[in-house]
Amino acid sequence: MNILVTGGAGFIGSNFINYLLSTYENTIVNVDLLTYAGNLENLNGSSNNPQYHFIKGDITDRTLMDEIFHRFEVDVVINFAAESHVDRSIEDPSIFVKTNVTGTNVLLQSAKEYWMINQPDESCVKYKDGVKFIQISTDEVYGDLKDGGYFTEKTNLAPNSPYSASKASGDLMVRAYYETYNLPAIVTRCSNNYGPYQFPEKLIPLLIHRANQDQKLPIYGDGNQVRDWLYVEDHCTAIDAVLHKGVAGEVYNIGGNNEKTNIEIAKRLLHLLGKSEELIEFVKDRLGHDRRYAIDHTKITQELGWSPSYTFEEGIEKTVTWYLENQDWLDRIYSDTYAVDPVQ
């Protein structure tokens, strides 16, 4: 199988490529523009694998995408490529629309035309057996769980930030290509990921770095925003299940069953690092900050047999250990950007 992974130098994408190459004998083509959060160091363990190919490129470049489909005879697309920082989307939504909406549409166009066999009346299309387009999305497209409960695949989309609105728009384009052209596409929506190689503008690596430097840990508002936390390796195995057993046209929610407030996360990290809770500093809340996300992953568990393997306690200890063992990586990546407030 020849798999095109877009955004494979980012946090989740790189973990997934490393997972795939250690598990299967597929050809992996990684296309990444290497913007500020893309880092080929994340793939050092895979870079010499003859089944791995890297191409620096923009998913909005239709000519390049068409060329890659033909050159590598792409069977599957897994689209991780996205701008994902909520604060940055508030400051400038335009790049989020370009990558998350236009880029997704370009990939869908290239996939449709490469996989399509025209019928005599040109009114429908037929695809190779087993071909899939997997759109990696987020629970943030569902909005805020103000009234309790959990997000299911039938929850209405109600995004509240420019980032989540752009992801929801990309998801709807994927749905439209399935409904209109029969393109065998799937959308997955995950809860907050954490683990190795996460860019340190995100909450957990940011707090680990700052705590190690005995700097204040900035926490938005009262710190009681709730997120469901998913260890990135569990996310990789879930996408694997979707890749091999998922049904075209479906949406699958992927969650970790680990609801924690942001203040709980901060206190847990300080405990693991042997630091004082006096480092916690509450800062002005983010505009439009959703209060709670929580995923119901019953569907993927019952239909595809996936469930998370890691408790939060297990995953966070592995994560802290990794960042402590790779502190030079964390410090270098952090110093290459500017100090930012956490994203939850």
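Here's a quick rundown of the structure. (Residues numbered from 1 in each chain as written. Predicted model: local features only at pLDDT ≥ 70, side-chain atom pairs only at ≥ 80, totals over all residues. Heavy atoms only, no water.)

**Quick notes on the packing of aromatic side chains**
Evaluation of the coordinates by the stated rule reveals 18 aromatic pairs. Relative to Trp 229, the ring of Tyr 194 has its centre 6.2 Å away and its plane inclined at 75°; by these criteria the two rings are edge-to-face. Here the residue Tyr 194 occupies a position in strand S9 (residues 192-194), and Trp 229 occupies one in strand S11 (residues 226-231), the gap between them amounting to 35 residues. Of the two residues, Tyr 194 and Trp 229, neither departs from the other in class, the shared state being buried. Taken together, the ring pairs in this structure connect Tyr 194, Trp 229, Tyr 231, Tyr 310 and Phe 312 into an aromatic cluster. The aromatic ring of Tyr 36 is capped on one face by Arg 88, whose charged end is 3.8 Å from the ring centroid. Taking the ring centre of Tyr 150 as reference, the NZ or CZ of Arg 292 above it sits at 5.3 Å. (Phe/Tyr/Trp six-rings, centres within 6.5 Å; stacked < 30°, edge-to-face > 60°. Helix = DSSP H or I, 4+ residues; strand = E, 2+ residues; numbered from the N terminus. Buried < 20%, exposed > 50% of the residue type's maximum accessible area, 1.4 Å probe, protein only. Lys NZ or Arg CZ within 6 Å of the ring centre and 35° of its normal.)

**Topic: the packing of helix H10 (residues 312-325) against helix H11 (residues 327-335)**
In the contact formed by H10 and H11, the axes pass within 4 Å of each other and the chain directions differ by 80°. Regarding the angle of H10 to H11, the classification is roughly perpendicular. The segment H10 lies against H11, with Trp 322, Tyr 323, Leu 324 and Glu 325 engaging Gln 327, Trp 329 and Leu 330. Each residue belonging to the contact of H10 with H11 can be placed in one class, and the counts come to 5 nonpolar, 1 polar and 1 charged. (Axes fitted to C-alpha atoms, helices over the stretch in contact; angles between N-to-C directions. Parallel < 35°, antiparallel > 145°, perpendicular 65-115°, else oblique. Contact = heavy atoms within 4.5 Å. Nonpolar A, V, L, I, M, F, W, Y, C, P; charged D, E, K, R; others polar.)

**Details of the environment of Gly 13**
Its location among the elements puts Gly 13 in helix H1 (residues 11-23). Of the residues examined, Gly 13 reaches a relative accessible area of 2% and is grouped as buried. Residues Gly 13 and Arg 62, 49 residues apart in the sequence, show an inter-C-alpha distance of 21 Å. If we skip the residues at most four places from it in the chain, Gly 13 touches Gly 7, Gly 8 and Phe 80.

**Structural notes on the sheet that holds S9**
Read from one edge to the other, the open sheet built from 3 strands follows the order S9-S11-S13, with strand pairing classed as mixed. The sheet terminates laterally at S9 and strand S13 (259-261), the two strands that pair on one side only. On average, adjacent strands in this sheet sit at an angle of 50° to one another, irrespective of strand direction. In the sheet, S9 pairs with S11 via 3 bridges, with the strands oriented parallel. From the neighbouring strand, Tyr 194 faces S11, where its bridge partner is Tyr 231. The strands touched by helix H7 (residues 232-245) are S9 and S11; relative to S11, the strand with the most contacts, the crossing angle is about 70°. (Pairing = 2+ DSSP bridges.)

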